[in-house]
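# Topology and contacts: notes
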Amino acid sequence: MAADEQADSYFSDEGENIAPVSLIYEHQYLAHQVSHQRRHHEQDTSRVLLYHPRRRPSPSPS
């Protein structure tokens, strides 16, 4: 599924049933929140954005 299609499915009213967890881009999540805020005058608190921490090399011993 293309990223835009996946985001559309995730943000649909049935999104939770289609994809309870979905990999989307940050800009897609933010665009959804802006749109939701304009329509409903509140944030969509049923969706969250999680970041995967980048793996950083372990510090070398001094």
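Scroll up to find the structure.
The following paragraphs examine the structure supplied in this document. (Residues numbered from 1 in each chain as written. Predicted model: local features only at pLDDT ≥ 70, side-chain atom pairs only at ≥ 80, totals over all residues. Heavy atoms only, no water.)

## Re the overall build of the protein chain
Assigned secondary structure in the protein chain consists of three helices and zero strands. Reading the secondary structure of the protein chain in the N-to-C direction produces α-α-α. Residue burial in the protein chain is summarised as follows: out of 62 residues, 24% are buried. Roughly 5,700 Å² of accessible area belongs to the protein chain as shown, and the carbon and sulfur atoms make up 52% of that amount. (Helix = DSSP H or I, 4+ residues; strand = E, 2+ residues; numbered from the N terminus. Buried < 20%, exposed > 50% of the residue type's maximum accessible area, 1.4 Å probe, protein only. Areas by Shrake-Rupley, 256 points an atom, 1.4 Å probe, with all protein chains shown as cover.)

## Some remarks on the layout of surface pockets
There is about 350 Å³ of room inside the largest pocket. Contributing to the lining of the largest pocket are Y10, P20, V21, S22, L23, I24, Y25, E26, V48, L49, L50 and Y51. When its residues are assigned to classes, the lining of the largest pocket shows 10 nonpolar, one polar and one charged. (1 Å grid on protein atoms, 1.4 Å probe; cavity = no way out; pocket = protein on both sides within 12 Å on 5 of 7 lines; lining within 4 Å. Points joined across faces, edges and corners; volume = space filled by probe spheres on them. Nonpolar A, V, L, I, M, F, W, Y, C, P; charged D, E, K, R; others polar.)

## What about the environment of D44?
Tracing the sequence through the fold places D44 in the segment after α3 (26-40). Contacts of D44, omitting those with residues within four sequence positions, involve H32, Q33 and H36. Here H32 takes part through its side chain, which lies 2.7 Å from a polar atom of the side chain of D44. Polar contacts involving the side chain of D44 include one to the side chain of R47, which spans 3.2 Å. (Contact = heavy atoms within 4.5 Å. Polar contact = N/O pair within 3.5 Å; in protein donor to acceptor, adjacent residues only side chain to side chain.)

## So, unusual backbone geometry
Excluding glycine, residues mostly have negative phi values, and the peptide bonds linking residues are mostly trans. The phi dihedral of H41 is positive, around 60 degrees, even though this residue is not glycine. Mapped onto the elements of the fold, H41 is located in the segment after α3.

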